[in-house]
Amino acid sequence: MELQRRLGLLDALAILVGVTIGGGIFLVPNLVAQNLTSQPAILGIWAFAGLISFFGALACAELGTALPATGGQYVFIREAYGPLAGFLCGWSFFAVARTAQVSWLAVAFSLYLSYFVPLGAAVSKLAGVGIIAVCTWINYRGVRAGAAVQKSFTLAKVAGLLIIIASAFLLGGHASAPPAAAVEGFSLSHFGVALIACLLAYDGWVQVSFVAGEIRNPQRNVLLALALGTAACIAIYVLANLAYLHVLSIPEIAASDHVGASAAQRVLGPAGGTLVSLIILISIVGALNGCFLAIPRIYFAQARDGLFFRSFARVHPRYQTPGFAVAAQGVWASVLLLSGTYETLADYAIFATWAFYGLMVAGVMVLRRKRADLPRPYRMWGYPITPLLFLGTAVWFLGNMLITRPGPSFAGLILIAAGVPVYFIWHRKERRAIAVAASSSGTRPNSI
C-alpha cells in the first residue's frame, strides 16, 4: 500500500510555517541583542539568516519537484550519494536529531503550561509525555486530521504574533535610545553567535519535503509552499523584531529572558504576558504536531528501501498513514524525555541536522551532473551562487560548532559514523532476504 496524495498547498504551508515558528522569535532576540548593539545590525542578521534559509528552501524546491517522493531529504541524499548516505541521514534523525527535537518541544510545552497551571517536576514530565501522546494519536489516525490541527494552530499563532506586532506600533511608545557608551564595535565572534541563533530560529523549512509524496500536484505545490512559507517566516520575524525595537531599547531586550512577553507587557500591561505565554503554547503545539505529521515519513521511506525495520514501512489499512513510524517516534521521544537525555542530545542534533542540510544542498549540484536528464520542473534561482552561499554558511556553522562546542559536535560526528556498521549489517540482511525469496521462487536474485 502507498500513502495517498491528500495534502494541498495550504496544508504544506501550514507545516512549514507551523514547524518553523516555535518559541524562537520570543526568546532568540535576547541573545542577538547581547551580541549586536545596533538596530541595523540586529535587523540585518535576521534578514541575512532568513535569506540563507530561503536559499536552502530553493534547493529543497528543485529536489522536491524533481523527486516528489515521501521521505524528502532522505530521498534526495540517497539519490545524490547512494544508499549509505541516505541511511546515515535517517539513522541520525531517528536516533537523536529529530526525535530529540520532539522531546525538547514537549518539555517546552510543559514549561509554558506551568504559567497557567502550577506543575511539579514529575507532573511536568507527564504533561510533556501527554502532549506527545496526543500528537501521536492525531497523526496516527489520519493525515487529514493532522493537517487540520496543523492549519488551526498555525493560523492561531500567526494571528497572535500579528496582534503583538500591530499593538506595538499602534499602542506602544518609542523606546528610549541607549547611551552612546552602550554601542560597541563590530565583532566577528559576536556576529557568529547571533547568526547561529537566528539560523536555528528559522529551522523547519525542510520538513515540507518529508511529505512530498502526499502533496497533490507536487511540482507546483512543493515549490510554492517552500518559497511562500519561508518568505512569510522572514517577514514575520523581521516585523516582530521591528516591533520589539519600537517599544524596548536594545539593553532592555538584551536583559530580558522573555523578550516577547516584555514587549507585550509594555504595550498591553499584565495581560500582555499572559497573551504571549498563550501564543508560545500554541506555537509549540503547532510545531510538535508538524513534527509528527512530517518526520515519520523519513523512516517510512527508509524502511521501504529495506534499510530500517520493516514495520516502519507499514501503511495503516484504515487510516492510510505510516502508523507504526508515527507511534515509534512518539515512544522513543517519550523515552528521551523521561530519561532527561534530550538536553544533551539536542546539542548533538544541531550538528547532525546541519551536516545533512549541507549534503542536501550540495546534492543539487551533484544531481545536475549525475542525473542531468532528470526532469526538473523548477531549477534553483541563482545557481550556482545561491547553493554555494548556503554551503559556505553550513561549513562555517559546523566549523564554528567544532571549535566552540567540541564535545557535542564530535559526539554528533560519532553518532553519524556509528551508523556505518549498522548500515552494512542491514544491507547484508536485506541481500539474504532477497536471495531466500528468489531461491524459493526459482528466480535469480538481483544485486542491490
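Residues numbered from 1 in each chain as written. Predicted model: local features only at pLDDT ≥ 70, side-chain atom pairs only at ≥ 80, totals over all residues. Heavy atoms only, no water.

### Digging into the overall build of the chain
Then, number 1: A count of helices and strands for the chain gives 18 helices and zero strands.
Then, number 2: Relative to its length of 448 residues, the chain is compact, with a C-alpha radius of gyration of 22 Å against a globular reference of 22 Å.
Then, number 3: By principal-axis analysis of the C-alpha atoms, the chain measures approximately 85 × 45 × 40 Å.
Then, number 4: Taking all 448 residues of the chain together, the buried fraction comes to 57%.
Then, number 5: Within the chain, contacts between residues separated by at least 24 positions form 83% of all contacts whose residues are at least 6 apart in sequence.
Then, number 6: Summed over its atoms, the accessible surface of the chain is roughly 18,000 Å², and 67% of this surface lies on carbon and sulfur atoms.
Then, number 7: Positive and negative side-chain charges in the chain, numbering 29 and 14 respectively, have mean positions lying 11 Å apart. (Helix = DSSP H or I, 4+ residues; strand = E, 2+ residues; numbered from the N terminus. Rg over C-alpha atoms; globule rule 2.2 N^0.38 Å. Buried < 20%, exposed > 50% of the residue type's maximum accessible area, 1.4 Å probe, protein only. Contact = heavy atoms within 4.5 Å. Areas by Shrake-Rupley, 256 points an atom, 1.4 Å probe, with all protein chains shown as cover. Lys, Arg positive; Asp, Glu negative; His and termini not counted. Charge placed at Lys NZ, Arg CZ, Asp CG, Glu CD.)

### Observations regarding the environment of R432
Then, number 1: Within the element layout of this structure, R432 appears in helix α18 (residues 406-441).
Then, number 2: Expressed as a C-alpha distance, the spacing of R432 and W104, which sit 328 residues apart in the sequence, is 39 Å.

### Structural notes on helix α3 (residues 39-66)
Then, number 1: For α3, which comprises 28 residues, the first-to-last C-alpha distance of 41 Å matches the rise-based estimate of 40 Å (1.5 Å per residue) to within 8%.
Then, number 2: The element α3 is extensively covered by neighbouring structure, given that 20 of its 28 residues are classed as buried. (Expected span 1.5 Å × (residues − 1).)

### Things to note about the pattern of salt bridges
Then, number 1: Within this structure, the stated rule accounts for nine salt bridges.
Then, number 2: Its salt-bridge partner being R78, residue D305 comes within 2.5 Å of it at the nearest N-O pair. On the criterion of sequence distance, the pair formed by D305 in the loop between α14 (296-304) and α15 (323-339) and R78 in helix α4 (residues 73-81) is long-range, its members being 227 residues apart.
Then, number 3: The class of D305 is partly exposed, set by a relative accessible area of 32%.
Then, number 4: Ionic pairing is found between R371 and E79, a salt bridge with its closest N-O pair at 2.6 Å. Of this pair, R371 sits in the loop between α16 (342-370) and α17 (385-404) while E79 is found in helix α4, placing the two residues 292 residues apart along the sequence. (Salt bridge = Lys/Arg side-chain N within 4 Å of Asp/Glu carboxyl O.)

### Details of the environment of L27
Then, number 1: Following the sequence through the fold, L27 ends up in helix α2 (residues 24-35).
Then, number 2: For L27, a relative accessible area of 31% translates into the label partly exposed.
Then, number 3: Residues L27 and A328, 301 residues apart in the sequence, show an inter-C-alpha distance of 31 Å.
Then, number 4: Sequence-distant contacts of L27, that is, excluding residues within four places in its chain, are made with Y112, D257 and H258.

### A word on unusual backbone geometry
Then, number 1: Cis geometry marks the peptide bond from Y383 to P384, where omega comes out at 5°.
Then, number 2: Inspection of the secondary structure puts P384 in the loop between α16 and α17.
Then, number 3: Its identity as a non-glycine residue notwithstanding, N217 has a phi of 50°, on the positive side.
Then, number 4: Here N217 is to be found in the loop between α9 (207-210) and α10 (218-247).

### Details of a nonpolar patch on the surface
Then, number 1: Taken together, the side chains of F169, L170, L171, L239, L242 and L268 make up a nonpolar region of the molecular surface, amounting to roughly 550 Å² of accessible area.
Then, number 2: Elements represented by at least two residues in the nonpolar patch include exactly α7 (143-171) and α10.
Then, number 3: The biggest single contributor to the nonpolar patch is α7, with three residues. (Patch = residues over 30% accessible without salt bridge, like charges linked within 9 Å, V, L, I, M, F, W, Y side chains within 5 Å.)

### Topic: the state of the cysteines
Then, number 1: Inspection of every chain in the model, using the stated rule, returns zero disulfides.
Then, number 2: A disulfide-free cysteine, C60 has its sulfur positioned 11 Å from the sulfur of C89, the nearest such atom.
Then, number 3: Look at C89 and you get buried, because its relative accessible area is 0%. (Disulfide = S-S within 2.5 Å.)

### Quick notes on the packing of aromatic side chains
Then, number 1: As enumerated under the stated definition, the model contains 26 aromatic pairs in all.
Then, number 2: Summarising the aromatic geometry, the rings of Y202 and Y237 are spaced 4.8 Å apart at their centres and angled 50° between planes, so their arrangement reads as tilted. In this pair, Y202 is assigned in the loop between α8 (188-201) and α9 and Y237 in helix α10, connecting sequence segments 35 residues apart. The same class applies to Y202 and to Y237, which are both buried.
Then, number 3: An angle of 80° between the planes, with centres 5.1 Å apart, marks the rings of F312 and F324 as edge-to-face. Placement of the pair is F312 in the loop between α14 and α15 and F324 in helix α15, with a sequence separation of 12 residues. (Phe/Tyr/Trp six-rings, centres within 6.5 Å; stacked < 30°, edge-to-face > 60°.)

### Looking at the nonpolar core
Then, number 1: By size, the foremost hydrophobic cluster in this structure holds 151 residues, and its most contacted members are F26, V32, W46, W205, M360 and F390.
Then, number 2: Take this core: its biggest share by element is 18 residues, from helix α5 (residues 83-113).
Then, number 3: Residues in contact with W205, not counting those within four places in the same chain, are L16, T20, S53, G56, A57, C60, L226, T230, Y357, M360 and F390. (Core = buried A, V, L, I, M, F, W, Y, C linked by side-chain atoms within 4.5 Å.)

### A word on the packing of helix α1 (residues 9-20) against α10
Then, number 1: Packing of α1 against α10 leaves a shortest axis separation of 9 Å and a crossing angle of 35°. The element α1 and its partner α10 pack so that their crossing is right-handed. On the side of α1, the interface is formed by L9, A12, L13, L16, V17 and T20, while α10 contributes R220, N221, L224, A225, L226, L228, G229, T230, C233 and Y237.
Then, number 2: In terms of residue class, the contact of α1 with α10 is made up of 11 nonpolar, four polar and one charged. (Axes fitted to C-alpha atoms, helices over the stretch in contact; angles between N-to-C directions. Left-handed = near helix turned anticlockwise from the far one by under 90°. Nonpolar A, V, L, I, M, F, W, Y, C, P; charged D, E, K, R; others polar.)

### Notes on the confidence of the model for the chain
Then, number 1: In the predicted model, the chain carries a mean pLDDT of 88, and the fraction of residues at 70 or more is 92%.
Then, number 2: Mean pLDDT values for the elements of the chain range from 78 in α18 up to 95 in α4.
Then, number 3: Every residue in residues 179-183 is under pLDDT 50, and counting partners more than four places away or in other chains gives two contacts. (pLDDT = per-residue confidence, 0-100.)

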